[in-house]
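Geometric and topological summary
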Amino acid sequence: MTYAEADLSPVTSPEHSPPTPGTMKPTSAYLAFAFVLLATFTAFAPLRAQDAGPARDRLRVVDSTRIQVITMRDGSSLIGRIVSAGSDSVDFQMGIGRVSVAIKDIREISEADSESMHDGEYWFPNPNSTRLFFAPTGQMLKKGEGYFSDYMLIFPGFAYGVTDNVSIGGGVSLIPGEFDNQIYYFTPKVGVSLSEKVHVSTGFLLAGTRGGTGGIGYGVGTFGDGDASATVGLGWGFAGGEIQSKPLAMLGGEARVSRRIALVSENYLLPIDNNPIIYSFGVRFLGEKLTTDLALVNSSAGGGGIGIPYVDFVFKF
């Protein structure tokens, strides 16, 4: 069986057919999905807050190989490192000199390697390092982390880190209108970091409609970090109780070129006749919690145009 033989196409109801009793209306379906996302966030947010702990518990003196980012209660941030700590305040060494900061005014403290400074500018961690455009990388969400995503404006979804090594995710399409014709997907993932710059993971993507289900089981490896990495992977499609004998191959990567901009590419070699290649390249706009991807997707079997526009949004919590 090839991927083309897996029947995942939406099944439409006959025109003017009366609604089946008990069938969920589209509006109700969307509200239900929104409720699930909200309930997930509400249930997991206290766990994440508990893991973070009070700011006082994170007060510690670090050497010059580390930097600390202090977020004040008024929303401002200080970048440097704590050189001494008292009962009510800390001495904080910044590029402009040493300042005294009252502990009661500190809302949060985070740490990073000094390599996060680039020409005197602090680069916050990449909030979307666990994915390229759509494909997963070998990097994992930490326990209590998660994100809401929206692919091409019609595929909202979410993911959540159950532990540092296990995450779950899923979503459902917004069109066509009838709920029974929506495409849903489920994406569990398990992974581990073998070193600071070697990460591996495995999982599967299960997708379906009323017409049937199918998906792909995969394994990926990522070499690098959130600022620069290459990802390779293999995946085996399955549908109708059969597993594809030949794997799909994926090669992609991300390179951060400034504090708020990265270049991303995601490419596939399909195990079907003539082995066509799907390739994509684009720009990722980075915020501390939000990323936006703009890309072009094309195929070696295409007509030679610039490609199909692609957009996604990811908000990390």
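Structure: above.
**Describing the pattern of salt bridges**
- Inspection of the entire model under this criterion finds 9 salt bridges.
- Its salt-bridge partner being D105, residue K104 comes within 3.4 Å of it at the nearest N-O pair.
- When the shortest N-O distance is used, the salt bridge between D227 and R256 registers 2.8 Å. Of this pair, D227 sits in the loop between β14 (212–224) and β15 (228–239) while R256 is found in strand β17 (residues 248–256), placing the two residues 29 residues apart along the sequence.
- When its relative accessible area of 8% is taken as the criterion, R256 is described as buried.
- Counted as one network, the salt bridges with shared partners bring together R60, R66, E111 and D113.

**A word on the sheet that holds strand β3 (residues 89–94)**
- Read across the open sheet, the 5 strands follow the order β4-β3-β2-β1-β5; overall the sheet is antiparallel. In this open sheet, the two strands that pair with only one neighbour each are β4 (97–102) and β5 (106–113). Each adjacent strand pair in this sheet contributes to an overall mean axis angle of 45°, direction not counted.
- With 4 bridges connecting them, strand β1 (residues 66–72) and strand β2 (residues 77–85) associate as antiparallel partners.

**A short note on the packing of aromatic side chains**
- One pass over the structure, following the stated rule, counts 5 aromatic pairs.
- Both rings, one in F133 and one in Y310, keep their centres 5.6 Å apart while their planes meet at 55°; by these two values the pair is tilted. On the criterion of sequence distance, the pair formed by F133 in the loop between β7 (121–122) and β8 (146–151) and Y310 in strand β21 (residues 308–316) is long-range, its members being 177 residues apart.
- Of the residues examined, F133 reaches a relative accessible area of 5% and is grouped as buried.
- Seen in terms of ring centroids, F186 and F204 are 6.3 Å apart; in terms of plane orientation they differ by 70°. Their pairing is edge-to-face. Taken together, the positions of F186 in strand β11 (residues 184–186) and F204 in strand β13 (residues 198–209) put the pair 18 residues apart, joining distant regions of the chain.
- F186 gets classed as partly exposed once you look at its relative accessible area, which sits at 38%.
- Its end group placed over the ring of F134, R131 keeps NZ or CZ at 5.4 Å from the ring centre.
- Directly above the aromatic system of F124 lies the positively charged group of R256, at a separation of 5.0 Å from the ring centroid.

**Concerning the nonpolar core**
- Among the nonpolar cores identified, the biggest contains 20 residues, and F133, Y147, Y151, L248, M250, Y268 and Y310 are the most heavily contacted of them.
- Counting only elements with at least two residues in this core, the list comes to β8, β14, β17, β18 (261–269) and β21.
- Sort the elements by how many residues they give to this core and β14 lands first, with 3 residues.
- Each residue touching Y310, except ones within four places of it in the same chain, is listed here: F133, F134, Y151, M152, D293, L294, A295 and V297.

**Things to note about empty space enclosed by the protein**
- This model, assessed by the stated rule, comprises 1 cavity of 30 Å³ or more.
- Within this model, the largest cavity holds a volume of roughly 30 Å³.
- In this structure, the largest cavity is lined by S129, R131, L132, T137, Q139, D225, G226, S229 and E254.
- Residue composition of the lining of the largest cavity, grouped by class: 1 nonpolar, 5 polar and 3 charged.

About the criteria used
Residues numbered from 1 in each chain as written. Predicted model: local features only at pLDDT ≥ 70, side-chain atom pairs only at ≥ 80, totals over all residues. Heavy atoms only, no water. Salt bridge = Lys/Arg side-chain N within 4 Å of Asp/Glu carboxyl O. Helix = DSSP H or I, 4+ residues; strand = E, 2+ residues; numbered from the N terminus. Buried < 20%, exposed > 50% of the residue type's maximum accessible area, 1.4 Å probe, protein only. Pairing = 2+ DSSP bridges. Axes fitted to C-alpha atoms, helices over the stretch in contact; angles between N-to-C directions. Phe/Tyr/Trp six-rings, centres within 6.5 Å; stacked < 30°, edge-to-face > 60°. Lys NZ or Arg CZ within 6 Å of the ring centre and 35° of its normal. Core = buried A, V, L, I, M, F, W, Y, C linked by side-chain atoms within 4.5 Å. Contact = heavy atoms within 4.5 Å. 1 Å grid on protein atoms, 1.4 Å probe; cavity = no way out; pocket = protein on both sides within 12 Å on 5 of 7 lines; lining within 4 Å. Points joined across faces, edges and corners; volume = space filled by probe spheres on them. Nonpolar A, V, L, I, M, F, W, Y, C, P; charged D, E, K, R; others polar.

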